[in-house]
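# Coordinates in review
As a plain string of letters, each chain reads:
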Amino acid sequence: MFIVTATVPAGALPGEPALDVHIRQLALPEDHLEHVHIFRAPDGGARLTFFLGHPDSKGTEAAAVRLMARALPATAGTELGWAPATSLLSTLEELGAGARSRPHVRELPSQDPDNR
């Protein structure tokens, strides 16, 4: 799974329905959309984070662009800011939440009866 982030300026955002709902409605199976998170900026713009189940970053980026093209007016495409796709695993590792950031072996409590 990969993550792609897009920044949308205030003037490019549609009013209703909510943009995340609109994107989910427009998503096709080949987009592999798992989740979309929207953070609204104080200036009225937004930062969208797409979680897409593609096996590579190129397919992920292309799917995110297609989703945004369907969801926003045609004139908004030139105003979007894109960050390159990153794998979910590498993002979690950067945040210290990945499996490799912690030891795999944990000591379990003794299974011996307590005879004290």
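Refer to the preceding data block for the structure.
Now for a quick tour of the structure. (Residues numbered from 1 in each chain as written. Predicted model: local features only at pLDDT ≥ 70, side-chain atom pairs only at ≥ 80, totals over all residues. Heavy atoms only, no water.)

## What to know about the pairing of strand S3 (residues 46-52)
With respect to burial, S3 is a largely interior element, six of its seven residues being buried. Examined bridge by bridge, strand S1 (residues 2-8) and S3 share seven bridges and lie antiparallel to one another. Bridge pairing in S3 links Thr7 to Arg47. Taking the residues that link successive antiparallel strands as the turn, the strand S2 (residues 33-40)-S3 hairpin has five residues, and the phi of Gly44 there is positive, at about 100°. (Buried < 20%, exposed > 50% of the residue type's maximum accessible area, 1.4 Å probe, protein only. Helix = DSSP H or I, 4+ residues; strand = E, 2+ residues; numbered from the N terminus. Pairing = 2+ DSSP bridges.)

## Concerning the pattern of salt bridges
Should their charged atoms come close, side chains of opposite charge can pair. On inspection of all chains with the given rule, the structure shows three salt bridges. The salt bridge involving Arg24 is made with Asp20; its shortest N-O contact spans 3.5 Å. Of this pair, Arg24 and Asp20 both sit in helix H1 (residues 19-26), four residues apart, which is roughly one turn of that helix. Owing to a relative accessible area of 39%, Arg24 belongs among the partly exposed residues under this scheme. Asp20 sits in the partly exposed class, given a relative accessible area of 23%. The partner of Arg66 in a salt bridge is Asp31, with the nearest N and O atoms 3.4 Å apart. Residue Arg66 is found in helix H2 (residues 57-71), and its partner Asp31 is found in the loop between H1 and S2; the two are separated by 35 residues along the sequence. On the basis of relative accessibility, which here comes to 34%, the residue Arg66 falls in the partly exposed class. A network of salt bridges, in which partner residues are shared, links Asp31, Arg66 and Arg70. (Salt bridge = Lys/Arg side-chain N within 4 Å of Asp/Glu carboxyl O.)

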